[in-house]
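Architecture and fold: a report
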Amino acid sequence: MKIPIVAYGDPVLRKKAVEISADYPNLGELISNMFETMYNASGVGLAAPQVGLSIRLFVIDLSDKDDPGYEDFKKVFINAKILEEKGEIWEFNEGCLSIPDIREDIKRLDTVTISYYDENWQLRNETYDGLGARAIQHEFDHIEGKLFIDKLSPLRRAMLKSRFDAIKKGAIDVDYKMKFPMASKRR
């Protein structure tokens with residue numbers, strides 16, 4: 001089932017998400033629905049806050065990307081903690097399903113070590129670099145209540161203000177279901 005993606009401006013995107021336990025209601029179904037929602041929106045990652053749930057869960061699938069080492073990278077991250085970010089600063093053009101039609105060059109370190117539970121509640125400690133590290137850092141930010149646009153300069157954010165306002169109001173065209181925090185009731 002496709003879940004509406006929460007648009008920029010909804011308070012859930014700014015809350016630090018809470019940990020969950022293995023008996024979280026309908027977790028398997030939620031994970032499946034998050035993957036389906038992400039694929040429908042042509043995304044590579046989706047965090048639970050983006051579907052209105054302030055829990056520490058995100059999914060990533062890089063398996064169709066051309067990044068060596070990530071051909072079979074389809075993962076579920078539960079209660080994730082970043083243990084270390086290191087390496088070279090790498091600038092890359094990022095976007096977000098909750099902030100459609102805005103893409104910006106964002107600087108991040110190119111290597112991340114993360115601890116998390118997978119969908120089978122197996123504890124994992126893994127290190128990733130390149131596109132995998134980038135996707136993990138982006139989705140991890142979501143469960144911390146942060147957005148990629150927070151990494152922009154104040155001047156650049158000010159220049160994008162009218163576009164952010166349009167997203168909040170639902171005055172944009174998207175090809176997937178979204179929930180807009182300030183959308184007119186007439187829509």
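For the structure, see preceding data.
Each value, and the rule that gives it
Residues numbered from 1 in each chain as written. Predicted model: local features only at pLDDT ≥ 70, side-chain atom pairs only at ≥ 80, totals over all residues. Heavy atoms only, no water. Helix = DSSP H or I, 4+ residues; strand = E, 2+ residues; numbered from the N terminus. Buried < 20%, exposed > 50% of the residue type's maximum accessible area, 1.4 Å probe, protein only. Phe/Tyr/Trp six-rings, centres within 6.5 Å; stacked < 30°, edge-to-face > 60°. Lys NZ or Arg CZ within 6 Å of the ring centre and 35° of its normal. Salt bridge = Lys/Arg side-chain N within 4 Å of Asp/Glu carboxyl O. Pairing = 2+ DSSP bridges. Axes fitted to C-alpha atoms, helices over the stretch in contact; angles between N-to-C directions. Contact = heavy atoms within 4.5 Å. Expected span 1.5 Å × (residues − 1). Core = buried A, V, L, I, M, F, W, Y, C linked by side-chain atoms within 4.5 Å.

1. Comments concerning the environment of lysine 151
The topology assignment puts lysine 151 in the loop between helix 2 (130-143) and helix 3 (154-159). Residue classification places lysine 151 among the partly exposed residues on the basis of a relative accessible area of 44%. Residues lysine 151 and proline 49, 102 residues apart in the sequence, show an inter-C-alpha distance of 19 Å.

2. Some thoughts on the packing of aromatic side chains
According to the stated counting rule, one finds seven aromatic pairs in the structure shown. Ring geometry for phenylalanine 73 against tyrosine 128: centres 5.3 Å apart, planes inclined by 90 degrees, an arrangement best described as edge-to-face. In this pair, phenylalanine 73 sits in the loop between strand 3 (57-61) and strand 4 (74-96) while tyrosine 128 sits in strand 6 (residues 123-129), placing the two residues 55 residues apart along the sequence. Like tyrosine 128, phenylalanine 73 is buried. Joined through ring pairs, the aromatic side chains of Phe58, Phe77 and Tyr116 make up one cluster. One Lys or Arg, lysine 74, reaches over the ring of phenylalanine 35 and ends 4.6 Å from the middle of that ring. When the ring centre of tryptophan 90 is taken as origin, the NZ or CZ atom of arginine 134, which lies over that ring, is 4.6 Å away.

3. Some points on the pattern of salt bridges
In the structure shown here, the tally under the stated rule is 12 salt bridges. Among the salt bridges present, the one from arginine 134 reaches glutamate 94, with a minimum N-O distance of 2.7 Å. Separated by 40 residues along the polypeptide, arginine 134 in helix 2 and glutamate 94 in strand 4 bring together distant segments of the chain. Neither arginine 134 nor glutamate 94 differs from the other in exposure class; each is buried. In the salt-bridge network here, residues are joined through shared partners; they are Glu94, Arg108, Arg134 and Asp141.

4. Notes on the sheet that holds strand 5 (residues 99-117)
Pairing within the open sheet is antiparallel, and its five strands lie in the order 2-3-4-5-6. Each of the sheet's edge strands pairs with one partner strand only, and the pair in question is strand 2 (45-47) and strand 6. Averaged over all adjacent pairs, the angle separating strand axes in this sheet is 45 degrees, with direction ignored. Pairing of strand 4 with strand 5 involves 13 bridges; the strand directions are antiparallel. Opposite cysteine 96, over in strand 5, you have isoleucine 99 as the bridge partner. Set on the sheet, helix 2 makes contact with strand 2, strand 3, strand 4, strand 5 and strand 6; between it and strand 4 the angle comes to about 115 degrees.

5. Comments concerning unusual backbone geometry
Despite not being glycine, serine 42 shows a phi value in the positive range, around 60 degrees. Tracing the sequence through the fold places serine 42 in the loop between helix 1 (27-40) and strand 2. Look at aspartate 101: it is not a glycine, yet its phi comes out positive at around 70 degrees. The topology assignment puts aspartate 101 in strand 5. In this structure aspartate 101 comes out as exposed when scored by relative accessible area, which is 55%.

6. A word on helix 1
Compared with the 20 Å implied by 1.5 Å per residue over 14 residues, the 20 Å span of helix 1 between its first and last C-alpha is a close match. Against strand 1 (5-6), strand 2, strand 3 and strand 4 lie the buried residues of helix 1. The positive-phi residue at the C-terminal boundary of helix 1 is serine 42, with phi of around 60 degrees.

7. What to know about the nonpolar core
Ranked by size, the top nonpolar core spans 39 residues in total, and within it Met34, Leu46, Leu57, Val59, Ile99 and Ile149 carry the most contacts. When contributions to this core are tallied by element, the ones reaching two or more residues are strand 1, helix 1, strand 3, strand 4, strand 5 and helix 4 (161-169). The dominant element in this core, judged by the number of residues it contributes, is helix 1, at six residues. If near-sequence neighbours (up to four positions away) are discounted, isoleucine 149 is found in contact with Tyr8, Ile99, Arg157 and Phe164. With 19 residues, the next largest nonpolar core counts Ile60, Val112, Tyr116 and Phe140 among its residues.

Read these as spatial facts, not as claims about activity.
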